[in-house]
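# Observations on the three-dimensional arrangement
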Amino acid sequence: MAGQTETFTTGGGRAADLTAENYRFLQEHLYKASGIILEPDRNHLLEVRLLPLLREQKLVSLNDLCALLRATRDPVVSRHVVEAMTTNETLFFRDAHPFQALKNELLPALVELHKDTRKLSFWSAACATGQEAYSLSILLLEMGLADWNVQILGTDLNQQVVEKARAARYSQLEVNRGLPAQYLVKYFTRQGQDWELKPEVKRFTRFETFDLRSSMAHLGPFDFVFCRNVLIYFDVPTKRQILEGIRGTLFRGGHLLLGSAETTIHLDNQFRPRSIGSSVFYQAP
Amino acid sequence: MAKALVVDDSKTIRNVLERTLREMGYEVRQAEDGRRALEVLESEAGEFTLALVDWNMPVMNGLEFIQAVRSDRRWAGLPLMMVTTETQIEQMRTALEAGANDYVMKPFTDDIIRDKLKLLEIWR
Ligand SMILES: C[S@@+](CC[C@H](N)C(=O)[O-])C[C@H]1O[C@@H](n2cnc3c(N)ncnc32)[C@H](O)[C@@H]1O
C-alpha cells in the first residue's frame, strides 16, 4: 500500500533461517505468478513483506511457508504471497509533469479528434490503488467533459488493491499526497477519518484484476495508456511482450506513458518517443 | 535563489519544514505568527517565492495572515500553502477562498511537502 515502510526488523532469525533452496523456490513462485524478478539477497525484504502472512497462517518461519506452499499449493496462500511481494506505492498526480502535458496538449487534441462521437477511452495498467485513474478522471471533469462517454479502465494483478481502487476511499495521508486541495474539496466527501470520491469521479472508471503478461486481445482500443512503474520489475522478454501487447490495444497514433525511469527504447522500436513539456510519451504507429 | 517563509508557532515544525525546504534548494526565513510574518515580508519586500503557513497561532492566525497578504498588491502573486491540523472540508474551502494556493494536513511527511510544492510550481 502507499506509504508502507520497509524498515521493520524482527531482530534477525527468520530471514537468516531461510534456506537457499527455499529462497529460490520463492523467487520462482513469484516469477511464475507475476513476472516479478526478486534479486538475490533480498531476504530482509521477503521477511518484512511476508511476516503478516506468516502470523495470519500461524507459521513460525518462511521455511514453514514454503513447506505449506509445496504441500498444498493452496491458491489463496499462493496469491497472498504474490500480493505481499508487489510494491503498490502510488499517489494522485504522480510526477505532476505528465498530467500537465495531458491537460495542456494531449487531452485537448483528443477532445478535438473525438468531438463527433464524444467518446474517450483510457487504460491505467498496473493501477495499484487507483489514484492514477482518478487523477485522470478529475482532469477530464475539470475540462468540462462530464457529459462525454469516458471510460477509464484500471487493472492490476493484485486483487486487494483493485478492491481498494473500486472503493475509492482514501486515508488522510493518501489525499495529502499529490492531490491539490482545490480538487479535494471539490471531488471528495468526508467519511469518518477517510475521504471518498464523489460518484461523478467514479462514474468514468472501472477496475478489474488483470495480469499484464496475459493476452490483451480483448482490450481496447484505447486513446491513451498509462503503464507506469511496473516494467521495472520484469525481465527484458517480459517487458517486450507487454509493450507489444499494449501497442496492439492503442488506436493508431495513441499514446503510452511509462514511469520516469522506464522507456521503450531498445525494447520496442515501433513506438515513437515524443517529448511534451518535461515528459516523454510513446506514440503508437 | 528561491526564498521561502515558514510561519508556525511551533519551533519544531518550523525547523522540520525549514530542513525540507533547504533540501529542495530554498533559502528559508521563519516567523512565529502572522504579524511577525508580515514584518518579515515587509523588510524583504518582493523577494519571497513561497510561504508555508500554520492556521492556529497567537497574535495573528494563518487565515488572517493570508487575507492580509492577498489584500496587498505587492504580494498578490506569492504562492501560499497552508500547513495545519484543521482537516474539515469547510475550513479548507475557507482557506482556499481567502487565497491559499494549496493545503496540507498535519501530520505530514517530507514527501508530502515535496510532492505538493512540485505540483504548485508546475500547475500555477
Ligand atoms: C508501483 S505500482 C505502480 C502504480 C501506478 N502505475 C503508479 O505508477 O503510481 C506497481 C503495480 O504493478 C502491479 N503488478 C505487478 N506485477 C504485475 C503483473 N504481472 N500484471 C499486472 N500488474 C502487476 C503491482 O500489483 C502494483 O500494484
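Residues numbered from 1 in each chain as written. Chains lettered and ligands numbered in written order. Predicted model: local features only at pLDDT ≥ 70, side-chain atom pairs only at ≥ 80, totals over all residues. Heavy atoms only, no water.

## Observations concerning the confidence of the model for chain A
So the rule is basically this: pLDDT expresses, on a scale from 0 to 100, how confident the predictor is about each individual residue. Contact criterion: two residues are considered in contact whenever any of their non-hydrogen atoms come within 4.5 Å of each other.
Mean pLDDT over chain A: 94, with 94% of residues reaching 70 or higher. Here residues 1–15 of chain A is a poorly scored stretch, pLDDT under 50, and it has 28 contacts once near neighbours within four places are set aside; other chains count.

## Brief notes about the domain arrangement of chain A
Residues and elements named next belong to chain A. Short version of the rule: All the domain ranges listed were derived from an automatic or database domain assignment. The term buried area denotes the loss of accessible surface (1.4 Å probe radius) that occurs when two parts are joined, taken as the sum for both partners. Any carboxyl oxygen of Asp or Glu within 4 Å of a side-chain nitrogen of Lys or Arg constitutes a salt bridge here. Polar contact is the term for a pair of N or O atoms within 3.5 Å; when the atoms are in protein, one must be able to donate a hydrogen and the other to accept it, and sequence-neighboring residues count only if both atoms are side-chain atoms. Secondary structure counts use DSSP, requiring at least four H or I residues in a row for a helix and at least two E residues in a row for a strand, with both numbered from the N terminus. Each residue is assigned to one class: nonpolar for Ala, Val, Leu, Ile, Met, Phe, Trp, Tyr, Cys and Pro, charged for Asp, Glu, Lys and Arg, and polar for all the others, Gly among them.
Taken domain by domain, chain A comprises domain 1 (7–85) and domain 2 (97–283). Between the C-alpha centres of domain 1 and domain 2 the distance comes to 31 Å. Contacts between the two partners involve 11 residues from domain 1 and, on the opposite side, 10 residues from domain 2. For the domain 1 and domain 2 pair, buried surface summed over both sides reaches about 840 Å², with 42% attributable to carbon and sulfur atoms. Across the contact surface, domain 1 and domain 2 share 0 salt bridges. If you look at where domain 1 meets domain 2, you find 9 residue pairs in polar contact (both at pLDDT 80 or more). Counting only elements with at least two residues in the side of domain 1 that touches domain 2, the list comes to α2 (20–34) and α5 (75–85). Considering only residue class, the side of domain 1 that touches domain 2 consists of 5 nonpolar, 3 polar and 3 charged.

## Regarding the site of the ligand
Residues and elements named next belong to chain A. Convention followed: In this text, near means that some heavy atom of the residue lies within 4 Å of the molecule or strand in question. For every accessible area listed, the method is Shrake-Rupley and the probe measures 1.4 Å; residues are considered covered only by the protein chains on display.
By nearness alone, 21 residues border the ligand, and T90, R94, A126, D156 and N229 come closest of all. N88 is positioned such that a nitrogen or oxygen atom in its side chain is 2.9 Å from an oxygen atom of the ligand. A distance of 2.9 Å separates a nitrogen atom of the ligand from a polar atom in the backbone of L212. When the ligand is considered free in solution it has 600 Å² of accessible area, and contact with the protein chains removes 99% of it. Here the residues of the shell around the ligand sort into 8 nonpolar, 7 polar and 6 charged.

## Side note on unusual backbone geometry
Geometrically, the link from G220 of chain A to P221 of chain A is a cis peptide bond, its omega value of 0 degrees lying close to zero. In this structure, P221 of chain A sits in the loop between β6 (205–209) and β7 (222–227). At the junction of K106 of chain B and P107 of chain B, the peptide bond is cis and its omega measures out at 0 degrees in the coordinates. For K58 of chain A, which is not a glycine, the phi torsion comes out positive at approximately 55 degrees. Inspection of the secondary structure assignment puts K58 of chain A in the loop between α3 (43–56) and α4 (62–72). For A128 of chain A, which is not glycine, the phi torsion reads 50 degrees and is therefore positive. Inspection of the secondary structure puts A128 of chain A in the loop between β1 (119–125) and α7 (131–142).

## Observations regarding the pattern of salt bridges
Residue and element names in this part refer to chain B. Definition in use: Each residue is assigned to one of three classes by its accessible area relative to the maximum for its type, calculated with a 1.4 Å probe on protein chains only: buried under 20%, partly exposed between the two thresholds, exposed over 50%.
Using the criterion set out here, one finds 31 salt bridges over all chains in the structure. For D111, the salt bridge goes to R114, with nearest N and O atoms at 3.4 Å. Taken together, the positions of D111 and R114, both in helix α5 (residues 110–123) and 3 residues apart, correspond to about one turn of that helix. Residue D111 is classed as partly exposed on the basis of its relative accessible area, which comes to 36%. Because the salt bridges share partners, they merge into one network encompassing K3, E27, R29, E44 and E47.

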